[in-house]
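Here's the letter readout for the chains.
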Amino acid sequence: MSIENLKTYDPFAEADDDSGQTKQTQEYIHIRIQQRNGRKTLTTVQGIPSRFDHKKILKVVKKIFACNGTIISDTESKGMGEVIQLQGDQRLKIKEFLISKDEGLGLNEKTIKVHGF
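Residues numbered from 1 in each chain as written. Predicted model: local features only at pLDDT ≥ 70, side-chain atom pairs only at ≥ 80, totals over all residues. Heavy atoms only, no water.

**A short note on the overall build of the chain**
- Scanning the chain from N- to C-terminus turns up 2 helices and 5 strands.
- When its helices and strands are written in sequence order, the chain yields β-β-α-β-β-α-β.
- Counting over 117 residues, the chain shows a buried share of 31%.
- For the chain, restricting intrachain contacts to residue pairs at least 6 apart in sequence, the fraction spanning at least 24 positions comes to 50%.
- Only carbon and sulfur atoms are counted for the fraction: they give 49% of the accessible area of the chain, which is about 9000 Å². (Helix = DSSP H or I, 4+ residues; strand = E, 2+ residues; numbered from the N terminus. Buried < 20%, exposed > 50% of the residue type's maximum accessible area, 1.4 Å probe, protein only. Contact = heavy atoms within 4.5 Å. Areas by Shrake-Rupley, 256 points an atom, 1.4 Å probe, with all protein chains shown as cover.)

Encoded structure:
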């Protein structure tokens, strides 16, 4: 009597051998909301590709949305890259701006994740 069902199975076999990452490595843009005092909120946008100028994006967004904002640098955000911070709940507006091809950046909607709903 032999036992043949004890063959080893590696669940990570489809992972890339040299880097250890799976084949689907997609960079997401995360849009989050943070509560401040009372009804005051902050909207943070993280993961915008480095080929775009964050300062120019912030300048245009502040003008269109009529809100204030700032860029949190890589050293302050503890390794999260440059994070754009906007005053108020601007989640839907910033998502539409990132997707729009006319006055926005024209990014793919599947790469944007909105948190806080």
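Next comes the rest of the description.
**Details of the packing of helix α1 (residues 54-65) against helix α2 (residues 91-99)**
- Put simply, α1 and α2 touch, their axes get as near as 12 Å, and they point 125° apart. Between α1 and α2, the interaxial angle falls into the category oblique. Classified by chirality, the crossing of α2 by α1 is right-handed. Counted together, I57, V60, V61, I64 and F65 of α1 and K93, I94 and F97 of α2 form the full contact between these two elements.
- Classifying every residue of the contact of α1 with α2 by side-chain character gives 7 nonpolar, no polar and 1 charged. (Axes fitted to C-alpha atoms, helices over the stretch in contact; angles between N-to-C directions. Parallel < 35°, antiparallel > 145°, perpendicular 65-115°, else oblique. Left-handed = near helix turned anticlockwise from the far one by under 90°. Nonpolar A, V, L, I, M, F, W, Y, C, P; charged D, E, K, R; others polar.)

**Quick word on the sheet that holds strand β3 (residues 69-72)**
- Ordered by their spatial adjacency, 5 strands build an open sheet running β3-β4-β2-β1-β5, and the pairing between neighbours is mixed. The open sheet is flanked by β3 and β5 (112-114), the only strands paired with a single partner. Taking each pair of neighbouring strands and ignoring which way they run, the sheet shows an average axis angle of 20°.
- With 3 bridges connecting them, strand β1 (residues 29-35) and β5 associate as parallel partners. Looking across to β5, one finds that I29 is bridged to I112.
- Seen against the sheet, α2 touches β1, β2 (41-46), β4 (83-87) and β5 and runs at an angle of roughly 165° to β1. (Pairing = 2+ DSSP bridges.)

**Describing the nonpolar core**
- Ranked by internal contacts, the top residues of the largest apolar core, which has 18 residues, are V45, I48, I57, L86, I94, F97 and L98.
- Elements with a minimum of two residues in this core: β1, α1, β4 and α2.
- Here this core gets 4 residues from one element, more than from any other, and that element is α1. (Core = buried A, V, L, I, M, F, W, Y, C linked by side-chain atoms within 4.5 Å.)

**Quick word on the side chain of T44**
- With respect to the element layout, T44 can be found in strand β2.
- Classification of T44 as buried rests on a relative accessible area of 7%.
- Contact partners of T44, with chain neighbours within four places excluded, come to H30, I31, R32, Q34, V83, I84 and Q85.

**Quick word on the pairing of β2**
- Of all 6 residues in β2, 6 are buried, a share of seventy percent or more.
- Here β2 shows two buried faces, one formed by T41, T43 and V45 and the other by L42, T44 and Q46.
- Looking at chain direction, β1 and β2 are connected through 6 bridges and run antiparallel. Of the residues in β2, the one forming a bridge with Q35 is T41.
- Hairpin connection, β1 to β2: the antiparallel pair is bridged by 5 residues, and G38 has positive phi, about 60°.

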